[in-house]
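This is what each chain is made of:
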Amino acid sequence: MTAYDYWSITRGALATISLSLVSILLGVPLGLALALIRWARVPVLSRLVYGYVSVVRSCPTVTLTLLVYFALPQLGLSLEPTGAAILALTVSTSAFNCEIWRSALVEFPRDQYDAARAFAMSRWVRLKLIVFPQIWRASLPALVNEMTLQIKSTPAVAVIGIVDITRAALRVGANTYQPLPPFIFALLLYGVIVFALLRVQRALERRQRVSGAMA
Amino acid sequence: MSDFLIIWGQRDVVLAGLLNTVILLVIAAVASIVLGAVLAALLMSKHKAVAKGAALYVDAMRCSPFLLFVYLIYFGLPTLGISLSNWVSGAIALILYNTAYMAELMRGAWLELPATMIESGKAFGFRGVSLLRYIILPPVLLRAMPLISSQLIQIVKDSAFLTVIAVSELTHEMTSIQATYFIPFAAFVTAVALYWGICLTIEAANGMLDKYAEQRRS
């Protein structure tokens, strides 16, 4: 492997990181919104969310990506590979995040919510100041866990021609006729990304503890 | 709607793909649960070196995306002089990858077992494999059942990656149908619906086993 080969796999890492980052930034709040719909038992909508989560959670990312990229144009919505990849990854992660947020919401003590109401807080203020900080703390480990799974499912978008770490490593292997070194380098890159994410989680948890101690 | 009629016309191909996915699921599930139990025993081993080695394997698998591992098996084994068919390399990749996850799930359930249970098993003369087979594994498996069944759903989803090495599973067959007839929407929606069906079946089976576990406990 030449320096250029290492560089091309590292460039794949940029694609992997940016696609996962964008889909996480979109998927985490979307999951929260879906979970709130189910928590508030909005008629009809909460049924739809239930169905959405059930289907998406059992759908392979590869199949979902193919569906978004090839089938949406038939409905008159054609996306570039990057857009299709982000959409597919966001749809997939939002369903998992919805379940994580929902389990935190189900555990949330009802009396606190009622107390906030007794203080005449509006619905929005109740959610923002009372509910959200606590479910965020409870959900963080599971959310980060889902993020690591999300990073590991990004290679699925290679089926529509996006060059991520895995695809870049495959190309280098095909050019040099030595598949093992690029794959092992790719494995190391994934390891580094996942490890960095876990460090961010630790740092966030430490900050929560500090702010919890001050409050 | 006519697109779905084309899919219906191609039902032999679709069902063959579905069957292949189910066969891969069953083989990978059985093998990875059995091997996972063995690996869990290694993880819990008193010999530090054995436990460390097993943990290294589990961590490596947990860092690696499944697709990367598939490539590693598919392109890596031939360089070591072992050449296998696409289907067999796909199945091996599914088994080896999920064995690590199964082992980790079982280790979690194992840690929750009361120590007295294992000690009294030893007092009754159970050793080694028989201790594992009759005393430790039954409660571990029952306890880990919900997690194991969600890992089975993961196997179903991972099996779709095997399309990249041309294993003729469900996604692969659907891709070839859509490429022939240009009906991507009908083809992939059918695929998603069939995957959903498989996963609902797994969840229903898990519910039944859960009831059985409840009865056994009481």
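Residues numbered from 1 in each chain as written. Chains lettered and ligands numbered in written order. Predicted model: local features only at pLDDT ≥ 70, side-chain atom pairs only at ≥ 80, totals over all residues. Heavy atoms only, no water.

Draft legend 1. Seen up close, the overall build of chain B. Within chain B one finds nine helices and zero strands. Taken from N to C terminus, the helices and strands of chain B fall in the order α-α-α-α-α-α-α-α-α. When the 218 residues of chain B are sorted by exposure, 46% land in the buried category. Counting only carbon and sulfur atoms, one obtains 69% of the accessible surface of chain B, whose full area is about 10,800 Å². Considering chain B, the positive charge centre built from 14 side chains and the negative charge centre built from 12 side chains are found 15 Å apart. (Helix = DSSP H or I, 4+ residues; strand = E, 2+ residues; numbered from the N terminus. Buried < 20%, exposed > 50% of the residue type's maximum accessible area, 1.4 Å probe, protein only. Areas by Shrake-Rupley, 256 points an atom, 1.4 Å probe, with all protein chains shown as cover. Lys, Arg positive; Asp, Glu negative; His and termini not counted. Charge placed at Lys NZ, Arg CZ, Asp CG, Glu CD.)

Draft legend 2. Main features of the packing of aromatic side chains. Within the structure shown, the criterion is met by 16 aromatic pairs over all chains. With 5.8 Å between their ring centres and 5° between their planes, Phe183 of chain A and Tyr71 of chain B make a pair best called stacked. Taken as a pair, Phe183 of chain A in helix H8 (residues 180–214) and Tyr71 of chain B in helix H4 (residues 66–79) lie in two separate chains rather than in one. Take Phe183 of chain A: its relative accessible area is 2%, and that puts it in the buried class. Grouped by ring-pair contacts, the aromatic residues Phe66, Phe69, Tyr97, Tyr101 and Phe161 of chain B constitute a single cluster. The ring of Tyr134 of chain B carries Arg133 of chain B above its face, with NZ or CZ at 4.6 Å from the centroid. (Phe/Tyr/Trp six-rings, centres within 6.5 Å; stacked < 30°, edge-to-face > 60°. Lys NZ or Arg CZ within 6 Å of the ring centre and 35° of its normal.)

Draft legend 3. Local environment of helix H1 (residues 3–39) of chain A. Taking 1.5 Å of rise per residue, 37 residues should cover 54 Å, and H1 of chain A covers 53 Å from first to last C-alpha, within 8% of that figure. Among the residues trailing H1 of chain A, Arg41 of chain A stands out with phi positive, at a value near 50°. (Expected span 1.5 Å × (residues − 1).)

Draft legend 4. Layout of the interface of chain A and chain B. Taken residue by residue, the interface counts 29 residues in chain A and 39 residues in chain B. Summed over both partners, the interface of chain A with chain B buries about 2,900 Å², with 79% contributed by carbon and sulfur atoms. The interface formed by chain A and chain B holds zero salt bridges in total. Listed by contribution, the elements that provide at least two residues to the side of chain A that touches chain B are helix H2 (45–57), helix H3 (61–71), helix H6 (123–153), helix H7 (165–176) and H8 of chain A. (Contact = heavy atoms within 4.5 Å. Buried area = accessible area lost by both parts, 1.4 Å probe. Salt bridge = Lys/Arg side-chain N within 4 Å of Asp/Glu carboxyl O.)

Draft legend 5. Examining unusual backbone geometry more closely. Residues and elements named next belong to chain A. Phi is positive for Val44, close to 60°, though the residue is something other than glycine. Following the sequence through the fold, Val44 ends up in the loop between H1 and H2. Residue classification places Val44 among the exposed residues on the basis of a relative accessible area of 63%. Although it is not a glycine, Tyr177 sits at a positive phi angle of roughly 60°. The class for Tyr177 is exposed, based on a relative accessible area of 70%.

Draft legend 6. Looking closely at the environment of Arg123 of chain A. Residue and element names in this part refer to chain A. Relative to the assigned elements, Arg123 resides in helix H6. The class for Arg123 is exposed, based on a relative accessible area of 58%. Put simply, Arg123 and Tyr113 are ten residues apart on the chain and 9.7 Å apart in space, counted from C-alpha to C-alpha.

Draft legend 7. Layout of the packing of helix H5 (residues 110–118) of chain A against H6 of chain A. Residue and element names in this part refer to chain A. Put simply, H5 and H6 touch, their axes get as near as 10 Å, and they point 160° apart. Viewed along their axes, H5 and H6 adopt a mutual orientation that is roughly antiparallel. Both H5 and H6 take part in a crossing whose hand is right-handed. Of the residues in H6, those touching H5 at Gln112, Tyr113, Ala116 and Arg117 are Arg126, Ile130, Val131 and Gln134. (Axes fitted to C-alpha atoms, helices over the stretch in contact; angles between N-to-C directions. Parallel < 35°, antiparallel > 145°, perpendicular 65-115°, else oblique. Left-handed = near helix turned anticlockwise from the far one by under 90°.)

Draft legend 8. Molecular detail of a nonpolar patch on the surface. Residues and elements named next belong to chain B. Where nonpolar side chains cluster on the molecular surface, the patch consists of Val22, Val26, Val30 and Val34 and spans about 310 Å² of accessible area. With respect to the element layout, Val22 can be found in helix H2 (residues 11–43). Given the relative accessible area of 30%, Val22 is considered partly exposed. (Patch = residues over 30% accessible without salt bridge, like charges linked within 9 Å, V, L, I, M, F, W, Y side chains within 5 Å.)

Draft legend 9. How the structure looks around H4 of chain B. All names here are of chain B. In this model, H4 (14 residues) spans 20 Å end to end at C-alpha, consistent with the 20 Å of a helix rising 1.5 Å per residue. Where H4 is concerned, the buried positions are Phe66, Leu67, Leu68, Phe69, Val70, Tyr71, Ile73, Gly76 and Leu77. Following H4 by one or two positions, Gly81 has its phi on the positive side, about 90°.

Draft legend 10. Quick peek at the state of the cysteines. All names here are of chain A. Tallied over the full model, the rule gives zero disulfides over all chains. A disulfide-free cysteine, Cys98 has its sulfur positioned 16 Å from the sulfur of Cys59, the nearest such atom. Cys98 sits in the buried class, given a relative accessible area of 0%. (Disulfide = S-S within 2.5 Å.)

Draft legend 11. Looking closely at the confidence of the model for chain B. Mean pLDDT over chain B stands at 90; residues scoring 70 or higher make up 99%. For chain B, per-element mean pLDDT is lowest for helix H1 (residues 2–9) of chain B, which scores 86, and highest for H2 of chain B, which scores 94. (pLDDT = per-residue confidence, 0-100.)

Draft legend 12. Molecular detail of the side chain of Ser64 of chain B. Tracing the backbone shows Ser64 of chain B in the loop between helix H3 (48–63) and H4. Ignoring anything within four residues of it in the chain, the contact list for Ser64 of chain B reads Lys152 and Leu187 of chain A together with Phe69 and Tyr97 of chain B.

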